[in-house]
Each structure stands twice: as structure tokens, then as C-alpha cells.
Amino acid sequence: MPYVDRQNRICGFLDIEENESSGRFLRRYFILDTQQGSLLWYMDNPQNLPKGTDRVGSLKLTYISKVSDATKLRPKAEFCFVINAGMRKFYLQANDQQDLVEWISVLNNATKITVPKPGEGHAAHAETSQEGLGAMKQISYKTEIIGGVPIITATQEQGEGQNGAERGGLKRCQNQLPYFLSRGAQDQAFIKAGYCVKQGAVMKNWKRRYFMLDENAVSYYKSDLEREALRVISLKEIHKVQECKQSELMMRDNLFEMVTSSRTFYIQADSPEDMHSWIKAISGAIVAQRGPGRSANTIRQARRLSSPCIQRYTPFCSG
């Protein structure tokens, strides 16, 4: 789902057809900046890119005439919508139906605030509408649907394998932040799996890693293609998992901490919903393991708490 970051901008992951009519949708991180009057997109969240990395693309909000559902225009592209900007149409794919509806809403609202009515000041009009956007996002955070990151449910995973090559040429390549199912299809015992960004222990740098939670441990890998874990953290070692109170100092959105006896792991999710989902999933797995008579029912309960999903894209770089 789109969410409001620390700079009061609407952000989130979407797929975009950068080359018009190519049918190839690439995974990008979008920032809707109403103060600058622009829609910007990057290879990843700029917080996780090298300093000075330029955006991949941008679009002035004043050029946008309408944003609408494009399901009928692109029937083979799931959750597709279109941005009409002059002579160009930008086709994008949301993560699910609610994600699609919310992006259409915030983009249409944003185009309204960049075109002041005669006699009205642009700044005052923008300030009023920005408050409205913030209020709308608080409502969306109450849902339990995971968004803002690439996800796929178990039923969609099966369909992707059967029809992925038929969806309008939407097959993704590894270097394009695509959806990818290699590990998820092979590992059936996990409770939750997907990409997050983790702070290193020594250099304190931030790298995207593929995390897997099962009934005994949290493991993370260099990518979803790797079979050898970089580290396995037993649930018995984890004292608590919670939203990180240090996020104000680190200036990181969607940050949570996993506290063990030897170290505190700082992990950044791609959206508020995903952060809360990981906290619930890990906490639920700990309860299931330490509770009396660990059984299949307690493990299933942990999965339900986490709204389990498979996040489905590969990182854009090896780091």
C-alpha cells in the first residue's frame, strides 16, 4: 500500500512499463512529492541506494490529466492502471486491488492540488490537500493487507507458474527487481518469507536480504536464489521483536528490531503493513514454540497472525 514517509510524501513499490507498449513492467520505488509537484521513481528506496544515486524517471504532476483503472485496456496485466500525461500514457501495476484503488486516489488528488483555481494561491491549496492525504493514509494503515512490497498469495503463485509467460510479455528478468518464486516454491515449511533491508553488524551499512521464518528460526540469505543462509537466528535466542524506537535517530521508515542476547538486529520493511506483519509473524512463532504442546495448530495460528505471503522480487544488486 502507499504510505506517508517522514517527509510527508506518498511512497511505495509499483511496476511500471517504462518503454511504452513494450509489455515489460519493471519494479520501481515511487515517491509522490506534492511539495515539488512531481512523481519520482527509483530502482529501490533511496534510503537503501548509494548516496547520490539518481532517480530512474520523473513526471510533473501538472502534466497528468487523469489516472484510471486500466484492467480492460490491459487484461493480461493484473491490477493495472494508467496515468494519462499529455501524449504519453504510463501503465503501472499495483500489488493488489486495494493498492490499485489507493494509488489511483492519491494520484488524482495530487493532480488537483497542483492546479490552483483562479485567484487561489498554490501553496495554501497544496497545504490543505496534503492534510487530507495524511488523514486518508492513517485509515489505510488499519488494514491487515500487506502492501508496498511485492507479494503473492499461495493461489496466485500457482497461477504465475502456469500463465506467467502469457501475461502480455510480463516476464521479469533478475536485474529488474522482478517477482521471483525460486525459494518460495521450494521451501514449504516456512511461516513467512520475503525481502527486507538489514543493518550490518560492523560497517553499519544497509543491505537488502531475503528473510525466511520457520517454526524454529529466522534465517536470512543474500538473495532468494541462495541455498546457504548468511545467518540462522534461533527463536530461542530472540527476547523480543518490536517497532524500533531508534528509527528517529536512524531516519528510517518501517524499522523494527529483533533483540537477542548477543545483538540487536535492525530490519527495515518496505511498508508499515509489512513491518507489522513481520513483528506478528516472528512473535507468533515464538509463542507457538514456547507454548505448551507445540503442534500443527499453534504453527498455523502463527501463520494466520502474520497474514503469510511470499514476497517476490530479486534485489537489483548483489549487496
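Residues numbered from 1 in each chain as written. Predicted model: local features only at pLDDT ≥ 70, side-chain atom pairs only at ≥ 80, totals over all residues. Heavy atoms only, no water.

S.K.: Whenever I open this one, the overall build of the protein chain confuses me. Can you help?
M.R.: Looking only at helices and strands, one finds 7 helices and 17 strands in the protein chain. Looking at the 319 residues of the protein chain, the share that counts as buried comes to 53%. Put simply, 56% of the contacts in the protein chain that link residues at least 6 apart link residues at least 24 apart. Per element, the accessible surface of the protein chain, about 15000 Å² overall, is 52% carbon and sulfur. (Helix = DSSP H or I, 4+ residues; strand = E, 2+ residues; numbered from the N terminus. Buried < 20%, exposed > 50% of the residue type's maximum accessible area, 1.4 Å probe, protein only. Contact = heavy atoms within 4.5 Å. Areas by Shrake-Rupley, 256 points an atom, 1.4 Å probe, with all protein chains shown as cover.)

S.K.: Just checking my understanding: could you explain the nonpolar core for this structure?
M.R.: Here is a general trend for soluble globular proteins: nonpolar side chains tend to be buried in one another's company. F81, I83 and L107 are the most contacted members of the largest nonpolar core, which totals 23 residues. For this core, the elements supplying multiple residues, two or more each, are strand 2 (10-16), strand 3 (26-33), strand 4 (38-42), strand 6 (64-69), strand 7 (80-85), strand 8 (88-93) and helix 1 (97-113). The biggest single contributor to this core is helix 1, with 6 residues. Residues I238, I267, A269 and A281 belong to the second largest nonpolar core, which totals 22 residues. (Core = buried A, V, L, I, M, F, W, Y, C linked by side-chain atoms within 4.5 Å.)

S.K.: Looking at this structure, I do not really get the environment of S105. What am I missing?
M.R.: One can find S105 in helix 1. Taking the relative accessible area as the measure of exposure, S105 reaches 27% and is therefore partly exposed. For the pair S105 and S68, spaced 37 residues apart in sequence, the C-alpha separation works out to 9.0 Å.

S.K.: Help me understand the packing of aromatic side chains in this model?
M.R.: On inspection of all chains with the given rule, the structure shows 6 aromatic pairs. Judged by centre distance (5.1 Å) and plane angle (75 degrees), the ring pair of F13 and Y29 falls under edge-to-face. Residue F13 is located in strand 2, and its partner Y29 is located in strand 3; the two are separated by 16 residues in the primary sequence. Taking the relative accessible area as the measure of exposure, F13 reaches 0% and is therefore buried. Owing to a relative accessible area of 2%, Y29 belongs among the buried residues under this scheme. Seen from their ring centres, Y195 and Y210 are 5.0 Å apart, and the 70 degrees between their planes marks the pair as edge-to-face. (Phe/Tyr/Trp six-rings, centres within 6.5 Å; stacked < 30°, edge-to-face > 60°.)

S.K.: Just to check I follow, could you spell out the environment of Y29 for this structure?
M.R.: Considering only alpha carbons, one finds Y29 and G12, 17 residues apart in sequence, at a separation of 5.7 Å. Sequence-distant contacts of Y29, defined by excluding residues within four places in its chain, comprise Y3, C11, G12, F13, L40, W41, Y42, D44, N45 and P46. Among the polar contacts made by the side chain of Y29, one reaches the side chain of Y3 at a distance of 2.8 Å. Engagement of the side chain of Y29 in a polar contact is seen with the side chain of N45, the distance being 3.5 Å. (Polar contact = N/O pair within 3.5 Å; in protein donor to acceptor, adjacent residues only side chain to side chain.)

S.K.: So what exactly am I meant to see when it comes to the environment of F256 here?
M.R.: Here F256 shows up in strand 15 (residues 255-260). Remark: the alpha-carbon pair of F256 and Q268, spanning 12 residues in sequence, is separated by 6.3 Å. For F256, the residues in contact, after removing those within four places along its chain, are V241, Q242, E243, C244, F265, Y266, I267, M275, W278, I279 and I282.

S.K.: Sorry if this is basic, but what is going on with the pattern of salt bridges here?
M.R.: Pairing of side chains with opposite charge becomes possible as their charged atoms draw close. Enumeration over the complete set of coordinates arrives at 9 salt bridges. Note that R208 and D270 form a salt bridge whose closest N and O atoms lie 3.2 Å from each other. With R208 in strand 11 (residues 206-213) and D270 in the loop between strand 16 (264-268) and helix 6 (272-290), the pair connects residues that are 62 residues apart, well separated along the chain. In this structure, R208 and D270 share a single accessibility class: buried. Salt bridges linked by common partners bring D44, R208 and D270 together as one network. (Salt bridge = Lys/Arg side-chain N within 4 Å of Asp/Glu carboxyl O.)

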